[in-house]
Amino acid sequence: MRLLLGALGIGIVLAVAAFAHGTTAGLEKDIGHGANQAPPLMIDFAGLTASIAVLVLPVAFAIERLVKRDGLRIADGVLAAVLAHGISLATDLWVARAAPDSIREALTQTAPGGALSDPVHGYLAPVIAYMTAVGMARRPRWRVAMWGVLLLDAFAVLVGGYTTPFAIIITVLIGWTVAYGTLYAVGSPNVRPTGQNLLAGLRRVGFNPVSAARAEEAVDEHGNHSDRGRRYLVTLEDGPPLDVTVVDREQQAQGFFYSVWQRLTLRTITPPRSLQSLRQALEQEALLAYAAIAAGANAPKLIATSELGPDAVMLVYEHIGGRPLHALPDEAITDELLAGAWHQVQALQSRRIAHRRLDSDALLVDRSGTVILTDLRGGEIAAGDVVLRMDIAQLLTTLGLRVGAERSVAVAVDVIGPDAVADSLPLLQPLALGRATRATLRHLARERAQRQREAVLEASRAAKEAKAREAEEAEEAGGETEGGRKAEPAVSDRKTAKAEKQAEKRAIDEALEEAREEDLLAQIRRQVLLVRPQAPIEPVRLERIKPRTLVSFCAGAFAAYFLLSQFTHVKLGALVAEANWIWVVFALLFSALTYVAAALSLLGFVPEKVPFGRTVLAQVAASFVKLVAPAAVGGVALNARFLQRAGVRPGLAVASVGASQLFGLASHIVLLATFGYITGTERTPTLSPSRTVIAGLLTGAVLTLVVTAVPALRKFVSTRVRSLFAGVVPRMLDVLQRPRKLLAGIGGMLLLTAANVMCLDASIRAFGGELSYASIAVVFLAGNALGSAAPTPGGVGAVEAALIAGLTFAGLPYEVAAPAVLLFRLMVFWLPVLPGWLAFTHLTRRESL
């Protein structure tokens, strides 16, 4: 992160130097005026002192590290210094020969001797890189000396007129960035304290340790390792043993990106900081330990704390023997034990203390059955109501995973009361639970769905076997049948097998839905509602940024980038002046008509009743989704989701969209061949689609023969086609039973193509061009096919290139084809973005997407 921040800082400084020329010149003028007021003797003394100290200080620190046998740090520092020197020379060369004049003027000036100053100080950047890489900033005394020397040197060269402010900033950033880049590339030294360091630290706080044995690393029920410090069992010469927890910088940085993501996406709660100083971590855990005991909760008693050097701290607790909750057998988890856990949480909440990690690893049970709360380092003092209710929801889920929802809720109601349990229902959602608990719930959900699927398949196999046995018995009892009547039972058997397969698929879908309804959180809600039927169950919104919002942001970024790339080489002023606005209005109307046609083409393959107006809105929303997905993917996913929200079963919704897409593909091929033949008969001198159609048919025939002749290809294609038609064909049969629906679907397909062709034709006429409708249709259908195959959002780039090339090849001048295609894409792709976003937001809020 520091490497990236340093690189970003360099880019910002160079950008300011390039575009804020007046600011940089004014700043240099002000500093030069102030320098004239400083006594020359003071400037010379500061320069001499800084020049000596900037060389002596790194050598002194290197000697100190070598005495303590820490040569790896010095090696890292020397490597970073060498790289920083090389990058400084490269930057100087770039500024002198290739940089813009504004950057050169910001980073250089005429020095007192008449020569031009260096853009980057060749000795200051390596020193900064060395000091940063060896870790001088982690030691308070060395840090003060380091920054004092650097500031003194910067003052001397700046006031003396040997550099510019921006050159100083660039020098510091280069040294800083190179240092962290070096550390990231070669790795950092192991900062974990050794056993000798631990024993020495214990002696410093008054203990006489004999040995320290590493305790087993905390592992949850799924084998995930904990990030809660290394724990040791220390034996003393006199007295009971001790539990020691050691935390170093490695563990402090663990979970950093997850914490950043929480801070960006969650609101109303304050997630615990994962990247804080070791002293802050030490103080927070000590404060929580003392506060928990003062509240009357059972918690390990903290008796000493200490630093183990600059990179680790330790916390010494009285030894408590016991096992975590997940390690206990089921028969050992009694109602008294569950009540003990709730009593501990009740004691914390009476003093507004939140634990924040009430998973099974934090609940320790000693030999007498007493529950002890451990791992208080992530807790919170003076917690708000939301955080306290999250603890209740977390403990309900943690205990429910071991004893079931009914027992977990019953004991909680007995201890903390039904009102407190009911108030936690809005927080009973995966986002409010810990990472380990969410992983456990997902794992159980997958296992439950797999069991349901296997049960359905086993029942189906048993039914088939029973039916086969009955058929054999009936055949043996009835004797031989007449030869002329054998075909009819065979046809009936095929129909029966197909019906059985469809029934089996429906049964699997129903079983999966039932498995989702059996989720532990849903079971807990039902148990709480039995006690408090009026309890609020609407989940509290904890997200500040939803995934949909992130998708919207990405879509906007893509839109801005591609729109700018489209308009880079186009003179918009000339387009506006030359366009015929009457035809522009017609193009806009035909573009709006495409959404009505798309809604008709979709609803024609959905036998269920779906609101037409809302379907049109969904097609408008699809124009926004196309910004972040290829044209053939975004619309399909959105329509499938829309139909599911409209009440169509998931499998049937996907089949309906698949049927619509399959029919659209067939109609697209037929229309392309038809219009290609028509344009071939028009004797257009520059376009001969008839030959293209013939070449396409011959190519298709050759590919078909190749696929048929190669067994591997034949098997691959047949498998894919069979899987495609498995769900689509039954849906088509349902649609065929409703002729009006089928006609609406076919009409919508044709209207969609016609509206797009007319929109392209109006765009061409807006700039004085003219082509036959058949030629325009061929160009549009070919360009649309390329756009659907292109991986770019909405087919951007591929569609424009194909349409311009096709129109030019059809005889339209490039000066007309290029702006016409740009206007067409503006009408059908870019202008609907804002209405599409509004429709997407509206349907999302109405829970239609």
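Remember, predicted model here, so these are calculated numbers, not experimental data.

Cut-offs applied
- Residues numbered from 1 in each chain as written.
- Predicted model: local features only at pLDDT ≥ 70, side-chain atom pairs only at ≥ 80, totals over all residues.
- Heavy atoms only, no water.
- Helix = DSSP H or I, 4+ residues; strand = E, 2+ residues; numbered from the N terminus.
- Contact = heavy atoms within 4.5 Å.
- Areas by Shrake-Rupley, 256 points an atom, 1.4 Å probe, with all protein chains shown as cover.
- Salt bridge = Lys/Arg side-chain N within 4 Å of Asp/Glu carboxyl O.
- Pairing = 2+ DSSP bridges.
- Axes fitted to C-alpha atoms, helices over the stretch in contact; angles between N-to-C directions.
- Patch = residues over 30% accessible without salt bridge, like charges linked within 9 Å, V, L, I, M, F, W, Y side chains within 5 Å.
- Lys, Arg positive; Asp, Glu negative; His and termini not counted.
- Charge placed at Lys NZ, Arg CZ, Asp CG, Glu CD.
- Buried < 20%, exposed > 50% of the residue type's maximum accessible area, 1.4 Å probe, protein only.
- pLDDT = per-residue confidence, 0-100.
- Parallel < 35°, antiparallel > 145°, perpendicular 65-115°, else oblique.
- Left-handed = near helix turned anticlockwise from the far one by under 90°.
- Nonpolar A, V, L, I, M, F, W, Y, C, P; charged D, E, K, R; others polar.
- Expected span 1.5 Å × (residues − 1).
- Core = buried A, V, L, I, M, F, W, Y, C linked by side-chain atoms within 4.5 Å.

### Details of the overall build of the protein chain
Tallying secondary structure elements over the protein chain gives 32 helices and eight strands in all. Long-range contacts, defined as pairs at least 24 residues apart, comprise 76% of the intrachain contacts of the protein chain with a sequence gap of at least 6. Approximately 44700 Å² of the protein chain is accessible, and the part contributed by carbon and sulfur atoms is 62%.

### Concerning the environment of Val411
Summarising the element assignment, Val411 is placed in helix α15 (residues 405-416). Residues Val411 and Leu338, 73 residues apart in the sequence, show an inter-C-alpha distance of 6.8 Å. Filtering out sequence-adjacent residues up to four positions away, Val411 remains in contact with Asp335, Leu338, Ala339 and Trp342.

### What about the pattern of salt bridges?
Side-chain pairs of opposite charge can arise where the charged atoms are in close proximity. A full pass over the atoms with the stated rule returns nine salt bridges. Put simply, Arg352 and Asp385 hold a salt bridge, and the shortest N to O gap is 2.7 Å. Of this pair, Arg352 sits in the loop between α13 (335-350) and β7 (363-365) while Asp385 sits in helix α14 (residues 385-403), and the two are 33 residues apart along the sequence.

### Things to note about the sheet that holds β7
If you walk across this open sheet you meet the three strands as β6-β7-β8, and the pairing is antiparallel. The open sheet has two edge strands, β6 (323-324) and β8 (371-373), and neither has a second partner. Contacting β7 and β8, α13 runs over the sheet at an angle of about 35 degrees to β8.

### Considerations on a negative patch on the surface
Negative charge collects at one region of the surface, where Glu470, Glu472, Glu473, Glu475 and Glu476 lie side by side. Assignment of secondary structure puts Glu475 in helix α17 (residues 435-478). Residue Glu475 is classed as exposed on the basis of its relative accessible area of 57%.

### Some points on the confidence of the model for the protein chain
In the predicted model, the protein chain carries a mean pLDDT of 77, and 71% of its residues have values of at least 70. Predicted confidence for residues 220-225 stays below pLDDT 50, and this span has twelve contacts to residues more than four positions away or in other chains. Within the model, the stretch residues 683-694 combines pLDDT values under 50 with 16 contacts to residues more than four positions away or in other chains.

### Describing a nonpolar patch on the surface
Residues Leu5, Leu8, Ile12 and Val16 make up a contiguous nonpolar surface patch of roughly 350 Å² in combined accessible area. Along the chain, Leu5 turns up in helix α1 (residues 2-19). A relative accessible area of 48% places Leu5 in the partly exposed class.

### Structural notes on the packing of helix α22 (residues 581-603) against helix α28 (residues 739-766)
The geometry of α22 relative to α28 is characterised by a closest axis approach of 7 Å and an angle of 160 degrees between their N-to-C directions. One finds that α22 runs roughly antiparallel with respect to α28. Handedness of the α22/α28 crossing: left-handed. Grouping the amino acids of the contact of α22 with α28 by side-chain chemistry returns 19 nonpolar, seven polar and two charged.

### Topic: α15
Helix length check: α15 (twelve residues) gives 16 Å between terminal C-alpha atoms against 16 Å at 1.5 Å per residue, within 8%. When we look at burial in α15, the residues that qualify are Ala405, Ser408, Val409, Val411, Ala412, Val413, Val415 and Ile416. Where α15 is buried, its residues contact α13, α14, α16 (418-423) and α19 (520-531). Two residues or fewer after α15 comes Gly417, characterised by a positive phi angle close to 95 degrees.

### Considering the sheet that holds strand β4 (residues 302-307)
Strand order across the open sheet formed by five strands is β1-β2-β3-β5-β4, with antiparallel pairing between neighbours. The sheet is open, and its two edges are formed by β1 (209-214) and β4, each paired on a single side. With direction set aside, neighbouring strand axes in the sheet form an average angle of 25 degrees. Relative to strand β5 (residues 312-318), β4 runs antiparallel, the two sharing five bridges. Note on β5: the bridge partner recorded for Leu302 is Tyr317. Sitting on the sheet, helix α9 (residues 195-204) is in contact with β1, β2 (230-236), β3 (242-248), β4 and β5, with an inclination near 135 degrees to β1. Docked against the sheet, helix α12 (residues 278-294) engages β3, β4 and β5, running at close to 15 degrees with respect to β5.

### Some details on the nonpolar core
As a rule of thumb, soluble globular proteins bury nonpolar side chains together. Counting residues in each nonpolar core, the largest one holds 59 residues, and the members touching the most others are Leu638, Leu643 and Leu807. Take this core: its biggest share by element is eleven residues, from helix α31 (residues 814-830). Discounting residues that sit within four places of it in the chain, Leu643 has contacts with Leu602, Val606, Val610, Val648, Ala653, Ser656 and Val657. Leu376, Val421, Leu520 and Ile524 belong to the second largest nonpolar core, which has 53 residues in total.

### Observations concerning unusual backbone geometry
Excluding glycine, most residues fall at negative phi; most peptide bonds, likewise, are trans. Notably, Asp375 is not glycine yet its phi reads approximately 55 degrees, a positive angle. Along the chain, Asp375 turns up in the loop between β8 and α14. Of note, Ala382 is a non-glycine position whose phi angle comes to about 55 degrees, a positive value. Structurally, the position occupied by Ala382 is in the loop between β8 and α14.

### Quick look at the side chain of Ser306
Among the structural elements, Ser306 can be located in strand β4. Beyond its immediate stretch of four places on either side in the chain, Ser306 contacts Gly201, Arg204, Val205, Val313 and Met314.

### With respect to the packing of α13 against α15
Running from N to C, α13 and α15 cross one another at 50 degrees; their axes reach a closest spacing of 9 Å. Taken together, α13 and α15 sit at an angle that is classed as oblique. The two elements α13 and α15 meet at a crossing, and its hand is right-handed. Between α13, through Asp335, Leu338, Ala339, Trp342, His343 and Gln346, and α15, the contact on the second element is made entirely by Arg407, Ser408, Val411, Ala412, Val415 and Ile416. Of the residues that constitute the contact of α13 with α15, the class distribution is seven nonpolar, three polar and two charged.

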